[in-house]
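One-letter residues, chain by chain:
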Amino acid sequence: MFFRDKHCRTCGGSRTQVFRPLTRDELEAIKADRGDLWRCTAEGCRWYQPWYNRSGGGLLPEELKIQPAATEPV
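The numbers attached to residues start from 1 for each chain and follow its sequence in the written order. At least 70 in pLDDT is required for a residue's local features to be given in this predicted model, at least 80 for side-chain atom pairs to be given and counted, and no such filter applies to totals for whole chains, interfaces and linings, which use all residues. Excluded from the side-chain calculations are hydrogens and water; all other atoms, namely the structure's heavy atoms, are used.

1. Some thoughts on the nonpolar core
Part 1: By size, the foremost hydrophobic cluster in this structure holds eight residues: C8, F19, W38, C40, A42, C45, W47 and W51.
Part 2: Side-chain atoms within 4.5 Å are what join buried Ala, Val, Leu, Ile, Met, Phe, Trp, Tyr and Cys residues into a set we call a nonpolar core. Burial classes: relative accessible area under 20% of the type maximum marks a residue as buried, over 50% as exposed, and values in between as partly exposed (1.4 Å probe, protein chains only). Counting five residues, the second largest nonpolar core, distinct from the first, contains L22, L27, L37 and L60.

Here's what the structure looks like:
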């Protein structure tokens, strides 16, 4: 059974973050051809890792970091 919530190495703290599989563009950016890489979806995070190995990951390029959600002006 897969759980999307995992501890992110770069976000830190005791809370978990939601992870999702890397997109094709993200896989191309790190020159990877594997299906077990997931990334943290926290705002500003670039961390990715194999599903079962937190120490086997790395950082995506700066242009692929998670952007803040757009908010409507009040």
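2. Section: the pattern of salt bridges
Part 1: Any Lys or Arg side-chain nitrogen located within 4 Å of an Asp or Glu carboxyl oxygen qualifies as a salt bridge. As enumerated under the stated definition, the model contains five salt bridges in all.
Part 2: In this structure, R39 and E26 form a salt bridge, with 2.7 Å as the shortest nitrogen-oxygen distance. A residue pair is termed long-range when its members are at least 10 positions apart, and R39 in strand β3 (residues 37-40) and E26 in helix α1 (residues 24-29) qualify at 13 residues. The pair R39 / E26 is uniform in exposure class, with both members buried.
Part 3: One connected set of salt bridges, linked through shared partners, spans R20, E26 and R39. Strands are runs of DSSP state E lasting at least two residues, helices are runs of H or I lasting at least four, and both sets are numbered from the N terminus onward.

3. Details of the packing of aromatic side chains
Part 1: The aromatic pairing rule takes the rings of Phe, Tyr and Trp, using the six-membered ring of Trp, and pairs them if the centres are within 6.5 Å, calling planes under 30 degrees apart stacked, those over 60 edge-to-face and the rest tilted. Going through the model one piece at a time under the given rule, you end up with two aromatic pairs.
Part 2: With a centroid separation of 4.3 Å and an interplanar angle of 50 degrees, the aromatic rings of W38 and W51 are classed as tilted. Linking W38 in strand β3 with W51 in the loop between β4 (47-50) and β5 (58-59), this pair joins segments that are 13 residues apart in sequence.
Part 3: Pairing W51 with Y52 gives two aromatic rings, centres 6.4 Å apart and planes at 85 degrees, and the pair type is edge-to-face.
Part 4: Of the aromatic side chains, those joined through ring pairs into one cluster are W38, W51 and Y52.
Part 5: The residue whose ring lies beneath K6 is W51, and the NZ or CZ to ring-centre distance is 4.4 Å. As a reminder, the over-ring test applies to NZ of lysine and CZ of arginine, requiring each to be within 6 Å of the ring centre and within 35 degrees of the ring normal.

4. A closer look at the pairing of β4
Part 1: Alternating positions in β4 separate into two faces, W47 and Q49 on one and Y48 and P50 on the other, with burial throughout.
Part 2: Strand pairing is assigned whenever DSSP detects at least two bridges linking the two strands. With three bridges joining them, β3 and β4 adopt antiparallel strand pairing. When the bridges of β4 are listed, L37 appears paired with P50.
Part 3: Where β3 hands over to β4, the hairpin turn is made up of six residues, of which G44 adopts a positive phi near 85 degrees.

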